[in-house]
Amino acid sequence: MNKAEKAFLVILKDAIHSDFEPSELPSHDWASIFDVARKQNLFPFIYDAATNYPSFTDFDSSNPQYFASATATMTMQMQKTENFIELYQAFLSAGLVPITMKGIICRNLYGDRADFRPSGDEDILIEKKDYEKAVEILESCGYRSNEQPDKALKAVQEVTFHSPKMNGEPILTVELHLNPFGTNNSSRERMNGWFRNVFQSNETVLIQDTPVRTMTPTDHFLFLVLHAFKHFTSGGLGVRIMLDVLLFDEKYGDRIDWEYVNKALDESGASGFMADLLSIGNEYLGFQLARNTEPVSPHELLDDMFRAGTFGNTTATDCTAGRIVSDTIQKDRRSTNKFTSYMRLLFPSWKTWISWKPYLSDKPWLLPVEWIKRVIRYLRGETSTSNLNEIDESYGKAVDRLELLKKYGIV
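A quick note: this is a predicted structure, and the numbers were derived from the prediction, not measured.

Rules used in this analysis
Residues numbered from 1 in each chain as written. Predicted model: local features only at pLDDT ≥ 70, side-chain atom pairs only at ≥ 80, totals over all residues. Heavy atoms only, no water. Helix = DSSP H or I, 4+ residues; strand = E, 2+ residues; numbered from the N terminus. Contact = heavy atoms within 4.5 Å. Core = buried A, V, L, I, M, F, W, Y, C linked by side-chain atoms within 4.5 Å. Buried < 20%, exposed > 50% of the residue type's maximum accessible area, 1.4 Å probe, protein only. 1 Å grid on protein atoms, 1.4 Å probe; cavity = no way out; pocket = protein on both sides within 12 Å on 5 of 7 lines; lining within 4 Å. Points joined across faces, edges and corners; volume = space filled by probe spheres on them. Nonpolar A, V, L, I, M, F, W, Y, C, P; charged D, E, K, R; others polar. Pairing = 2+ DSSP bridges. Salt bridge = Lys/Arg side-chain N within 4 Å of Asp/Glu carboxyl O. Axes fitted to C-alpha atoms, helices over the stretch in contact; angles between N-to-C directions. Parallel < 35°, antiparallel > 145°, perpendicular 65-115°, else oblique. Phe/Tyr/Trp six-rings, centres within 6.5 Å; stacked < 30°, edge-to-face > 60°. Lys NZ or Arg CZ within 6 Å of the ring centre and 35° of its normal.

It is worth spelling out the side chain of His231 at this point. Take His231: it is sitting in helix α9 (residues 217-232). Not counting chain neighbours up to four residues away, the residues in contact with His231 comprise Gly236, Leu237, Ile241 and Phe311.

On to the nonpolar core, then. Ranked by size, the top nonpolar core spans 87 residues in total, and within it Phe8, Leu12, Trp30, Phe34 and Phe232 carry the most contacts. Not counting the four nearest positions on each side in its chain, Phe8 is found in contact with Ile33, Val36, Ala37, Gln40, Leu42, Ile46, Val239 and Phe306. By size, the runner-up hydrophobic cluster in this structure holds 27 residues, among which are Phe91, Ile105, Val135 and Val156.

Within the structure shown, the criterion is met by three cavities of 30 Å³ or more. In this structure, the largest cavity is lined by Ile105, Glu203, Val205, Thr214, Met215, Pro217, His220, Phe248 and Tyr252. Across the lining of the largest cavity, the residue classes break down as six nonpolar, two polar and one charged. Its residues placed into classes, the lining of the second largest cavity shows five nonpolar, one polar and no charged.

Most of strand β8 (residues 210-215) is tucked away, with five of its six residues classed as buried. Direction of pairing for strand β7 (residues 202-207) relative to β8: antiparallel, over a ladder of six bridges. Opposite Thr204, over in β8, you have Arg213 as the bridge partner. Taking the residues that link successive antiparallel strands as the turn, the β7-β8 hairpin has two residues, and the phi of Gln208 there is positive, at about 50 degrees.

Take the pattern of salt bridges next. With the rule as written, the count across this model stands at 13 salt bridges. Close ionic contact of Asp48 with Arg113 constitutes a salt bridge, the shortest N to O distance being 3.9 Å. A residue pair is termed long-range when its members are at least 10 positions apart, and Asp48 in helix α3 (residues 43-50) and Arg113 in the loop between α6 (103-107) and β2 (122-125) qualify at 65 residues. On the basis of relative accessible area, Asp48 is assigned to the partly exposed category, the value being 26%. Ionic pairing is found between Arg107 and Asp115, a salt bridge with its closest N-O pair at 3.8 Å. With respect to burial, Arg107 and Asp115 carry one shared label: buried.

Right, let's get into the environment of Leu178. Residue placement: Leu178 occurs in the loop between β6 (173-177) and α8 (186-193). Taking the relative accessible area as the measure of exposure, Leu178 reaches 8% and is therefore buried. When the C-alpha atoms of Leu178 and Lys154 are compared, they prove to be 9.0 Å apart, with 24 residues separating the residues in sequence. Setting aside residues no more than four positions away along its own chain, Leu178 makes contact with Leu125, Ile126, Glu127, Lys128, Tyr131, Leu153, Val156 and Gln157.

What follows covers the packing of helix α12 (residues 271-284) against helix α13 (residues 298-308). Interaxial distance between α12 and α13 falls to 9 Å at its minimum, and their mutual angle equals 85 degrees. Comparing the axis directions of α12 and α13 gives the class roughly perpendicular. Contact residues: Phe273, Asp276, Leu277, Ser279, Ile280, Glu283 and Tyr284 in α12; Pro298, His299, Leu301, Leu302 and Met305 in α13.

Within this structure, the stated rule accounts for 27 aromatic pairs. Here Phe43 and Tyr47 contribute two aromatic rings whose centre-to-centre distance is 6.2 Å and whose plane-to-plane angle is 55 degrees, an arrangement assigned as tilted. Of this pair, Phe43 and Tyr47 both sit in helix α3, four residues apart, which is roughly one turn of the helix. With a relative accessible area of 4%, Phe43 lands in the buried category. Taking 5.0 Å as the distance between ring centres and 20 degrees as the angle between the ring planes, the aromatic pair formed by Phe232 and Phe273 counts as stacked. Of this pair, Phe232 sits in helix α9 while Phe273 sits in helix α12, placing them 41 residues apart in sequence. Exposure class is identical for Phe232 and Phe273. Each is buried. Following the ring pairs from residue to residue traces out a cluster consisting of Trp30, Phe34, Phe43, Tyr47, Tyr53, Phe56, Phe59, Tyr66 and Phe67. Lying over the aromatic face of Phe43, Arg38 brings its terminal NZ or CZ to 4.1 Å of the ring centre.

This is the structure we're talking about:
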């Protein structure tokens with residue numbers, strides 16, 4: 001970790017445990033600290049906490065753009081929250097009560113600063129039999145999707161809908177899930193198996209006077225950990241995802257069925273990963289959470305989190321590296337080579353294609369058309385990585401991540 005990252009963690013620790021006496025910071029380079037906060041998608045939260053440090057006063061007065069940016073991000077998140085509550089009320093009025101995951105449920109853990117923790121979208125889970133009705137409700141509220149799911153919905157993880165636009169951009173994006181983790185590899189399918197009963201066993205939380213249906217603490221905690229693990233095993237995950245897990249554990253730990261959770265984590269290969277999240281939280285963020293497994297490599301994991309940003313997709317080369325890692329795991333290999341990686345990037349597997357374009361499962365004869373279109377996009381430089389130097393950089397990042405994953409027994 002560099003000094004800015006260490007200072008970021010100190011500020012985050014102070015902010016989480018409110019009514020704090022500001023700690024001594026290892027760095028007062030506020031611009032660099034905020035660069036870290038932006039990459040971790042916690043900028044408004046860190047900006048708000050920064051106002052408690054004397055050294056921040058002079059920086060803030062001479063750099064008003066940071067206040068403006070933090071205020072704009074928080075205001076936009078407040079609008080997103082209001083839009084989601086309005087949409088959820090429309091679902092309730094129509095007699096459909098979807099299960100809400102992550103997003104607004106996690107923001108609720110931050111108390112009065114809920115909207116200081118931004119969300120890229122909101123995730124709701126429905127049963128396949130309710131899909132048409134859910135789409136009808138979304139469209140009646142002005143939400144639209146450009147995606148084409150397969151008619152049988154057998155290959156669909158989620159369908160993305162966007163709200164009406166303001167200043168050219170949708171205010172809110174909603175992911176309508178048919179399953180929590182997708183079906184593009186056997187690991188994801190096994191993860192889905194732990195959530196088969198969530199429609200029979202769930203509960204309601206009150207958010208802005210609206211009853212919002214969500215999973216039980218046991219199921220939602222397990223979902224958050226496996227969601228973090230899913231990102232870790234591809235492009236990586238950032239500090240915000242870890243913080244959601246830790247805050248959820250702190251608030252609901254006495255209601256979580258730990259025997260069930262630990263069994264699921266053992267079978268998913270995520271036990272060491274979870275132990276390291278708890279170790280990082282206890283050492284750097286002031287948590288006092290119990291763990292039943294020895295940590296594997298928490299400091300290396302933390303360095304990887306700072307590199308990855310929120311979802312390991314900060315740059316195009318990060319995204320491509322994540323695809324190389326995911327493909328290597330999917331093929332159950334311990335390593336990869338450049339030529340094979342390049343070919344799989346250019347010609348992805350059938351399962352990868354239908355996870356991108358689910359309608360292909362109904363129309364497999366269109367796959368050659370998609371191959372040709374992809375090659376043309378690459379030749380035109382329109383893909384996320386458009387030249388060999390970028391692919392080489394992606395390959396190097398993927399090799400480094402695979403070495404870390406080996407320590408967890410994932411590859």
